[in-house]
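Observations on the three-dimensional arrangement
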Amino acid sequence: MQIIPRLALGALLAAALTAPALAQTEITVQHPLPLQSHYGAGATALKEALERATGGRYRVTIQRNDNEREMIESVQIGTLDCTITSTGPVGNFVPAVRVVDVPFLFRDYAHARGVLDSEIGQQLLGQFTPRGLTGVVWLENGFRHLTNSRHAVNSPDDIRGLKVRTMENPVHMRAFRALGALPTPMAFSELVPALQQGTVDGQENPIPVIVANNLNQVQRFLTLTGHVYSPALLICNPAMLQRLAAADRTAFQAAAVAAQRANRDRVTADENTGVEELRRRGMTVTTEVDRGRFQTALAAAFAQYERELDGALLRRIRDWR
Ligand code: PAF
């Protein structure tokens, strides 16, 4: 065994203590849901993939902020690096995105994922650049369903007069108005108090959100309307991405793809078990929904979307196989 003389050992220790620490760049990602949710799964996959690929030179900090509009504003002005958000308020920043918020546009998950992964999704991501944002990758929130505390909703007639919290999204609000509801837009952060105080009777969100946020504690009736697919996105500050060395930017993009995979896998898993879980927690679930009747009731709103949004793109998405 080699014995290191006491003096040499002291010098080694001193050198280790004074050596510059490995420079580490921190990237903060905020999203509006609990860590064990489908957004949390995406954020965690991004963190693990990027930190592994860069040998720890980057550290991703994940934080919760349940005000999506506020997060997007922060990314735009550069006080936040990235956000995972639904498209709820995104159309107010990047109007072209509103096209994917149209109710009953996507038939199922395969249709939605296929379109968003195609050149249509890529072109929509390109629309973020002139707005001072980078749309990095499409993620997923899921098909939205209606919950309320008043009565079981079996048909569009049962929605008349219901005060429904919607996202700050004019496309969704128009649909609820067409159904005779009273849409009340607010940030997700305000939802639970509004339901508790009776400011609104109901809300609409995908199964993974209803499960992860225990909305069964404030809502009794769930109807599987699946009235709109709710896409999500990883949006980052362009200047932050620009500062990354080219190889690190490639690693970041690969980590974003890992996030997409983990997020979608989690939505699929939650969809498989979530409805049963909500029944177990005491919700009354209406599964037999005549979606054709809802679409008929939305005829006036559909005509308006054709006029106000990109009608040709809407038809292309609808016909996508
Ligand atoms: O209802 C919303 O605002 C969104 O679906 C949520 C829950 C913040 C997830 O993006």
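Our subject is the structure that appears above.
Below, the structure is looked at part by part. (Residues numbered from 1 in each chain as written. Predicted model: local features only at pLDDT ≥ 70, side-chain atom pairs only at ≥ 80, totals over all residues. Heavy atoms only, no water.)

**So, helix α6 (residues 170-178)**
Every buried residue of α6 is listed here: V171, H172, M173, A175 and F176. Turning to α6, the residues buried within the fold contact β4 (134-148), β5 (163-166), β6 (182-185), β7 (202-206), β8 (221-236) and α12 (299-308). With a side-chain oxygen positioned 2.9 Å from the backbone nitrogen of V171, the residue opening α6 is N169. Within two residues after α6, G180 carries a phi angle of roughly 90°, on the positive side. (Buried < 20%, exposed > 50% of the residue type's maximum accessible area, 1.4 Å probe, protein only. Helix = DSSP H or I, 4+ residues; strand = E, 2+ residues; numbered from the N terminus. Contact = heavy atoms within 4.5 Å. Polar contact = N/O pair within 3.5 Å; in protein donor to acceptor, adjacent residues only side chain to side chain.)

**Examining the pairing of β4**
On any regular strand, side chains alternate: one points to one face of the sheet, the next to the other face. Burial of β4 is extensive: 14 of the 15 residues sit out of reach of the surface. One ladder, built from 12 bridges, connects β4 with β8; its direction is antiparallel. If you follow W138 over to β8, its bridge partner there is L233. Bridge count between β4 and β7: 5 bridges; the pairing is antiparallel. Its bridge partner being in β7, R144 is matched across the sheet by P206. (Pairing = 2+ DSSP bridges.)

**Section: the site of the ligand**
In the vicinity of the ligand, the contacting residues are P32, L33, Y39, E68, S86, N141, R144, R165, M167, F188, N205 and V209. In this structure, an oxygen atom belonging to the ligand sits 2.7 Å away from a side-chain N or O atom of Y39. At 2.6 Å from an oxygen atom of the ligand is found a side-chain nitrogen or oxygen belonging to N205. The fraction of the free accessible surface of the ligand (290 Å²) that becomes covered by protein chains is 99%. Its residues placed into classes, the shell around the ligand shows 6 nonpolar, 3 polar and 3 charged. (Near = heavy atom within 4 Å. Areas by Shrake-Rupley, 256 points an atom, 1.4 Å probe, with all protein chains shown as cover. Nonpolar A, V, L, I, M, F, W, Y, C, P; charged D, E, K, R; others polar.)

**Things to note about the nonpolar core**
In terms of nonpolar packing, the biggest core is built from 49 residues, with V100, F106, Y305 and I317 touching the most fellow members. Of all the secondary-structure elements, those providing two or more residues to this core are α3 (68-77), α4 (109-117), α5 (119-126), β4, α6, β8, α12 and α13 (311-319). In terms of residue count, α4 provides more of this core than any other element does, 4 residues in total. The contacts of F106, once residues within four sequence positions are left out, are V100, H111, A112, V115, F143, Y229 and I317. Grouped together as the second largest cluster of nonpolar side chains are 45 residues, Y58, V136, V137 and L278 included. (Core = buried A, V, L, I, M, F, W, Y, C linked by side-chain atoms within 4.5 Å.)

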